[in-house]
Amino acid sequence: MIMIVLIINGAPRSGKDTFINTLTWENSGKVIRCSSIDWIKQQALNLGWDGIKDAKGRQFLSDLKNACTNYADIPFKKITERILSSCNRYSQEAGTVYFCTCVREPEEIHKLTAWCNENKIPCHPVLIRRKMAEQKALDEGFISSGDIQFLNYPYAYTIYNDGSIENFIDWIKQLMEKVSA
């Protein structure tokens, strides 16, 4: 088994879920989805968050993630624990397993990439660009201070999702060939 970590980023509605769903379909379901904010969302719900990802909710999640990162680097630890447990779970299987995670902050992307390199796990940061989604997110205030940081990283790959769904799927297939080679 080969584990490949893909750090997926993009504006809300840029195609991150479609990317992961396509990857799952093309790779017979051997895809693990884990966001750096998953654990934070659960804690936010425990604290009374209503689960709505509007501008106020996104800012709350961003602030809570920053606090947990500053306190004990919890979001990073949760992701690396999940990567290691996934490696163990799939160790006896043949083929490629993709671990897809969304990490917004450039310093966190760098830290996860370095950790993967230290652990000899291939890691590829991927940015999905969709101009219409980026503009709409800015106009509606959905991009908070935490969200906008994703544009400030030198991604290994950029995929454009401004055309048809078929074109987007072709971009994804091409990326799979590159990272699996």
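Residues numbered from 1 in each chain as written. Predicted model: local features only at pLDDT ≥ 70, side-chain atom pairs only at ≥ 80, totals over all residues. Heavy atoms only, no water.

(A) Examining the packing of helix H1 (residues 16-26) against helix H8 (residues 165-180) more closely. Taken N-terminus to C-terminus, the directions of H1 and H8 make an angle of 60 degrees; their axes are 10 Å apart at the nearest point. By the angle between their directions, the pair H1 and H8 is classed as oblique. Where H1 crosses over H8, the handedness of that crossing is right-handed. The residues of H8 that touch H1, namely those facing Thr18, Phe19, Thr22, Leu23 and Glu26, are Ile165, Phe168, Ile169, Ile172, Lys173, Leu175 and Met176. (Axes fitted to C-alpha atoms, helices over the stretch in contact; angles between N-to-C directions. Helix = DSSP H or I, 4+ residues; strand = E, 2+ residues; numbered from the N terminus. Parallel < 35°, antiparallel > 145°, perpendicular 65-115°, else oblique. Left-handed = near helix turned anticlockwise from the far one by under 90°. Contact = heavy atoms within 4.5 Å.)

(B) Summary view of unusual backbone geometry. Here Asp73, not a glycine, exhibits a phi torsion of approximately 55 degrees, which is positive. Looking at the element boundaries, Asp73 is found in the loop between helix H3 (55-72) and helix H4 (74-89). Its identity is not glycine, yet Lys120 carries a phi of approximately 55 degrees, on the positive side. Residue Lys120 is classed as exposed on the basis of its relative accessible area, which comes to 73%. (Buried < 20%, exposed > 50% of the residue type's maximum accessible area, 1.4 Å probe, protein only.)

(C) A look at the sheet that holds strand E3 (residues 96-101). Pairing within the open sheet is parallel, and its 5 strands lie in the order E2-E3-E1-E4-E5. Where the open sheet ends on each side, the last strands, each with one partner, are strand E2 (31-33) and strand E5 (157-160). Each strand axis lies, on average, 25 degrees off the axis of its neighbour in the sheet, ignoring direction. Both strand E1 (residues 2-9) and E3 contribute to a ladder of 6 bridges, which runs parallel. Within E3, the position partnered with Leu6 by the bridge is Cys100. (Pairing = 2+ DSSP bridges.)

(D) Structural context of the packing of H4 against helix H5 (residues 106-118). Across the interface, H4 lies against H5 with an axial gap of 11 Å and an inter-helix angle of 30 degrees. Put simply, H4 runs roughly parallel to H5. Classified by chirality, the crossing of H5 by H4 is right-handed. Counted together, Phe76, Ile79, Thr80, Ile83 and Leu84 of H4 and Glu108, Lys111, Leu112, Trp115 and Cys116 of H5 form the full contact between these two elements. The class makeup of the residues in the contact of H4 with H5 is 7 nonpolar, 1 polar and 2 charged. (Nonpolar A, V, L, I, M, F, W, Y, C, P; charged D, E, K, R; others polar.)

The values are spatial; any link to function lies outside them.
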